[in-house]
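Residue-level structural notes
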Amino acid sequence: YALVRSTLEQCARVVGEEQRGAAWLAELDARVAALAESAPRRAHLSVLVYSNTGTGGWVPGKGTTAEALIAMAGLRNVALERGLVLHEKVGFEE
């Protein structure tokens, strides 16, 4: 989340909207805090993100934004349990 937040902050600075960007980030931080607070209720749930653009499927594992968001929500990422790193090609049947 820190890297995503830093990138958003930099974008606001580049377009000259530091004040609006700061307000938006404050709102985002509040939402992230609320999500973290409620995360324990979801600790028993697992999730697998799978995308397929017609060229085969991809699953985001360790070191991805998806991993950070899944963890923030308090969910278990099946891809991590399988030892997947970054975005790995995975067949639908696997």
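Reference entry: report on the structure contained in this document.

This brings us to the overall build of the protein. Regarding its fold elements, the protein presents four helices and five strands. When the helices and strands of the protein are read in sequence order from the N terminus, they spell out α-α-β-β-β-α-β-α-β. A globule of 94 residues ought to have a C-alpha radius of gyration of about 12 Å, yet the protein, at 16 Å, is considerably larger. Viewed in the frame of its principal axes, the protein has a C-alpha envelope of about 50 × 35 × 20 Å. Within the span of the protein, comprising 94 residues, buried residues form 23% of the whole. In the protein, of all internal contacts separated by at least 6 residues, the share reaching a separation of at least 24 is 57%. For the protein, the computed accessible surface area is about 6,600 Å², with 60% contributed by carbon and sulfur atoms. Side-chain charges of the protein comprise 10 positive and 11 negative groups, with the mean position of each set lying 3 Å from the other.

Taken in spatial order, the three strands line up as E2-E3-E5 in an open sheet, and their pairing is antiparallel. Two strands bound the open sheet, and with one partner strand each, they are strand E2 (51–52) and strand E5 (87–89).

It is worth spelling out the side chain of Arg42 at this point. Note on placement: Arg42 falls in the loop between helix H2 (18–38) and strand E1 (46–47). Within the structure, Arg42 has its side chain in polar contact with the backbone oxygen of Leu35 (distance 3.2 Å). Once residues lying within four places of it in the same chain are set aside, the contact partners of Arg42 are Leu35, Ala73, Gly74 and Leu75.

Here we come to the environment of Leu48. Along the chain, the position of Leu48 falls in the loop between E1 and E2. Ignoring sequence-local partners within four residues, the contact set of Leu48 consists of Val59, Val78 and Ala79.

Burial in helix H3 (residues 65–72) covers these residues: Ala66, Ile70 and Met72. Viewed end-on, H3 has its buried residues packed into an arc of 160°, placing them on one side of the element. Where H3 is buried, its residues meet H2, E1, strand E3 (57–60) and strand E4 (76–77). Positioned one or two residues after H3, Gly74 has a phi angle of 85°, which is positive.

Inspection of the sheet shows E2 paired to E3 by two bridges, in the antiparallel sense. Looking at the pairing, Asn52 lines up with Gly57 of E3.

Here is what the cut-offs are and how they apply
- Residues numbered from 1 in each chain as written.
- Predicted model: local features only at pLDDT ≥ 70, side-chain atom pairs only at ≥ 80, totals over all residues.
- Heavy atoms only, no water.
- Helix = DSSP H or I, 4+ residues; strand = E, 2+ residues; numbered from the N terminus.
- Rg over C-alpha atoms; globule rule 2.2 N^0.38 Å.
- Buried < 20%, exposed > 50% of the residue type's maximum accessible area, 1.4 Å probe, protein only.
- Contact = heavy atoms within 4.5 Å.
- Areas by Shrake-Rupley, 256 points an atom, 1.4 Å probe, with all protein chains shown as cover.
- Lys, Arg positive; Asp, Glu negative; His and termini not counted.
- Charge placed at Lys NZ, Arg CZ, Asp CG, Glu CD.
- Pairing = 2+ DSSP bridges.
- Polar contact = N/O pair within 3.5 Å; in protein donor to acceptor, adjacent residues only side chain to side chain.
- Arc of directions from axis to C-beta.

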